[in-house]
Amino acid sequence: MDDAIFQIYRYDPDGDRAPRYDRFRVPLRRGMTVLEVLLHLHQWVDGSLAFRLSCRSAVCGSCAMRINGRHTLACMTQVSEVLKTAPIVIVEPLENLPLLKDLVVDMGTFWSKMDAVKPWQDPTAPSPEGERLQSPMELDRIERESTCIHCGACVSSCTVLEVDPRFLAPAALAKAKRHACDSRAESAGTPWDVLNGPGGIWDCTRCMECVHACPKDVRPMEAILELRREALASLSGGETVGGRHVRFFVESVTRDGVLDERALPLQILRGQWLRLFGLIRTGIRMWWRGKVTLGPHHPVREVETMRRIVASVKEQR
Amino acid sequence: MSLRYAYYPGCVAKGNCPELYQSMALVAGRLGIDLVELKKAPCTGAGVAASQDLLLVDTYNALTFSMAEEMGLPILTICSTCVGSMRQAEARIKETPGRLDQVNRVLRDQGRRYGGSAQITHFLWVLLREIGLERLQREVRRPLAGLRIAPFYGCYILRPAGIMGVDDPDHPTSLDRVIRALGGEPVEYTGKSRCCGFPILLENEAASLAMTGNHLAEAVDRGADLMVTPCPLCHMNLDLQQSRAARQIGRPLDLPVLHLPQLVGLALGIPPKPLGLSRHLVSVRGLLKRATRRE
């Protein structure tokens, strides 16, 4: 097999003035993974190259990094696959977490956010007489999130975390869902005030970066949506801005078949005058440009059908 | 070959961005795309309703799919969020055991039935796959030569890759290729496949505006003259909120943002006015001057 060119991010905050990329030419073996290349370089070319690894088989979650822009595990990425769409392999550390050295990041906030969602059963609850049984269907509901290996790829890919460090981010929120939706968890200590608060479930943009990044197909965003449905169905989520947004949206579509875009912000931000003022100013500029008119909102379409569908779906529950 | 579609413009094209609806009608005429509008079709749920009730979302969409099936036509939309929501619903209905029966139990009461054969596409993909870039290039009357154009894909047309299936979400190229076929020069920047921030404009305004601002700033720094997007919801943040985004990140931006049919229309030689270019909040006047100077 041919050689491959690797371009690897290097930075040691203790000694280097600025980050740099080192280029290496690596002889390839058939089936070689990016992690094996890093090991080769560490052993034979540059012993100062820092990266994390343990199991080498996509179970421990240690070797998450960015490979040609993709947030993934080095041990499950074949070099030959990467080279199908790019001339060289660019290896960089995870984003959204502080850098320690080269490809190693500080996972501190990853774990502190995990703690913040209290991912455990409440130990003060009385013990049951026998085992806590669970049906296969009940297990299905939390199985996906249970397979998380805490690698941080989703956190690295998160678009909200990039601009708001408070965001609990996909991994911790998926973990929260795994506990909140556990059928044995009548006493789960899920902190709904934290999940409904700033940086919680309602701050997710639903961009699906985490779904795309996750090497174990945990689909964290779907877990976040499940938490929202829980929060709306039974708990306090309805009075958050995000909860009001969803409820108004569904009500509007049920009523008219199509969303009343102009009424939505007015309803959701009612009472928040300063914020409303900003949006109303944009609205006036839109009217001036002929983008919106002042006429009534036009319902579509099979409105009666929509209302009956909603009623019928409710009946099915 | 005539191209005929059940047309689903989406609420934004008929609400906050009427210039999108209007420009698509003109461009479709030029390219020989026959659009039969689904006037009775409901909202797709736009990713928002999924936070309340997935069965409801699937049933809304199955209703739309049944209408298109009745017409015997594939669905075409000009909204990435709509194409994403519809494709996700279609995949859930197909893959979840019993789901098709479940939605049909609801639809039956309304005298409708979804047969499970919906085909859903976006104008961008039609350009690429049905019209073809070679023909598109031949149709160009006013090439966008010399214009540096930043493609903004947004989320819903890319992810999840398994359901959308056209672009590699890490390195999308479809919009770049269309820009090149129209004679423009695509600008490479990392923000092109990221989120515009619009879905949390009300929930977390600072984060939403920072996301939009950062992508616009990156495009400006890479020398973009304008940005183009296939998603009107992205457009609502990138254009409507641009001045506030500039304040949020503390630097001027002033980058015109066009809808995809507007960009295609300009290159096909349709005058700016009927394309609704004057309706954007970020003025395109400077851009048009530059474009004509280069002609």
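Residues numbered from 1 in each chain as written. Chains lettered and ligands numbered in written order. Predicted model: local features only at pLDDT ≥ 70, side-chain atom pairs only at ≥ 80, totals over all residues. Heavy atoms only, no water.

Participant: Could you clarify how one ought to interpret the state of the cysteines in this entry?
Facilitator: Two cysteines whose sulfur atoms are joined by a covalent bond form what is called a disulfide. Counted under the stated rule, the structure contains zero disulfides over all chains. Counting only cysteine sulfurs, Cys75 of chain A is the nearest neighbor of Cys63 of chain A, a cysteine outside any disulfide, at a range of 3.7 Å. For Cys63 of chain A, a relative accessible area of 4% gives the class buried. The thiol of Cys231 of chain B is not disulfide-bonded; the next cysteine sulfur, from Cys234 of chain B, is found 3.8 Å away. (Disulfide = S-S within 2.5 Å. Buried < 20%, exposed > 50% of the residue type's maximum accessible area, 1.4 Å probe, protein only.)

Participant: Is there a simple way to think about the packing of helix α3 (residues 54–71) of chain B against helix α5 (residues 99–109) of chain B in this case?
Facilitator: Two numbers describe a pair of packed helices, the interaxial angle and the distance between the axes. Residues and elements named next belong to chain B. Between α3 and α5, the least distance of the axes is 9 Å, while the angle of their chain directions is 70°. In terms of their interaxial angle, α3 and α5 are classed as roughly perpendicular. Where α3 abuts α5, its residues Leu54, Leu55, Asp58, Thr59, Ala62 and Leu63 lie against Arg99, Gln102, Val103, Val106 and Leu107. Here the residues of the contact of α3 with α5 sort into seven nonpolar, two polar and two charged. (Axes fitted to C-alpha atoms, helices over the stretch in contact; angles between N-to-C directions. Helix = DSSP H or I, 4+ residues; strand = E, 2+ residues; numbered from the N terminus. Parallel < 35°, antiparallel > 145°, perpendicular 65-115°, else oblique. Contact = heavy atoms within 4.5 Å. Nonpolar A, V, L, I, M, F, W, Y, C, P; charged D, E, K, R; others polar.)

Participant: Hey, could you run me through the side chain of Thr205 of chain A in this one?
Facilitator: Within the fold, Thr205 of chain A resides in the loop between α7 (192–196) and α8 (209–213). The contact partners of Thr205 of chain A, leaving out residues within four places of it in the chain, are Thr159 and Val160 of chain A together with Cys195, Gly197, Pro199, Ile200 and Met211 of chain B.

Participant: What is the right way to read the packing of aromatic side chains from this model?
Facilitator: What describes a pair of aromatic rings is the distance from one ring centre to the other and the angle between the planes of the rings. Tallying each qualifying case throughout the model produces four aromatic pairs over all chains. Ring centres of Phe110 of chain A and Trp111 of chain A lie 4.9 Å apart, and the angle between their planes is 80°; on these two criteria the pair is classed as edge-to-face. Look at Phe110 of chain A and you get buried, because its relative accessible area is 4%. Classification of Trp111 of chain A by relative accessible area gives partly exposed; the value is 40%. Where Tyr7 of chain B meets Tyr21 of chain B, the ring centres are 6.3 Å apart and the plane angle is 20°; that geometry is what we call stacked. Residue Tyr7 of chain B is found in strand β1 (residues 3–8), and its partner Tyr21 of chain B is found in helix α2 (residues 18–31); the two are separated by 14 residues along the sequence. Residue classification places Tyr7 of chain B among the buried positions, given a relative accessible area of 4%. (Phe/Tyr/Trp six-rings, centres within 6.5 Å; stacked < 30°, edge-to-face > 60°.)

Participant: What am I meant to see in the interface of chain A and chain B here?
Facilitator: Accessible area lost upon the coming together of the parts serves often as the stated size of an interface. The partner chain B presents 71 residues to the 64 residues of chain A that form the contact. Summed over both partners, the interface of chain A with chain B buries about 5,900 Å², with 56% contributed by carbon and sulfur atoms. Two residues, Lys291 of chain A and Glu19 of chain B, come together in a salt bridge whose shortest N-O distance is 2.6 Å. Between chain A and chain B we count 25 residue pairs in polar contact (both at pLDDT 80 or more) in total. (Buried area = accessible area lost by both parts, 1.4 Å probe. Salt bridge = Lys/Arg side-chain N within 4 Å of Asp/Glu carboxyl O. Polar contact = N/O pair within 3.5 Å; in protein donor to acceptor, adjacent residues only side chain to side chain.)

Participant: Sorry if this is basic, but what is going on with the environment of Gly237 of chain A here?
Facilitator: Residue and element names in this part refer to chain A. As for its position among the elements, Gly237 is in the loop between α9 (220–234) and α10 (241–256). Taking C-alpha positions, Gly237 is 35 Å from Ser62, a pair spaced 175 residues apart along the chain. Leave out the neighbours within four places in its chain, and Gly237 touches Asn196, Trp202, Ala231, Leu232 and Gly243.

Participant: Any chance you could explain helix α4 (residues 80–95) of chain B here in plain terms?
Facilitator: Note: α-helices contain 3.6 residues per turn, so residues at a spacing of three or four share the same orientation. End to end, α4 of chain B covers 22 Å across 16 residues, agreeing with the expected 22 Å (1.5 Å per residue, within 8%). With 13 of 16 residues buried, α4 of chain B lies mostly within the body of the structure. (Expected span 1.5 Å × (residues − 1).)

Participant: What is the right way to look at the nonpolar core in this model?
Facilitator: Nonpolar side chains in soluble globular proteins generally cluster together in the buried interior. Among the nonpolar cores identified, the biggest contains 195 residues, and Phe6 of chain A together with Leu31, Phe123, Met227 and Val264 of chain B are the most heavily contacted of them. Here this core gets nine residues from one element, more than from any other, and that element is α3 of chain B. Sequence-distant contacts of Met227 of chain B, defined by excluding residues within four places in its chain, comprise Ala150, Phe152, Tyr189, His215, Leu216, Ala219, Leu238, Leu255, Pro256, Val257 and Leu258 of chain B. Core analysis: the second largest hydrophobic core is formed by five residues, Cys148, Cys214, Val218 and Ala223 of chain A among them. (Core = buried A, V, L, I, M, F, W, Y, C linked by side-chain atoms within 4.5 Å.)

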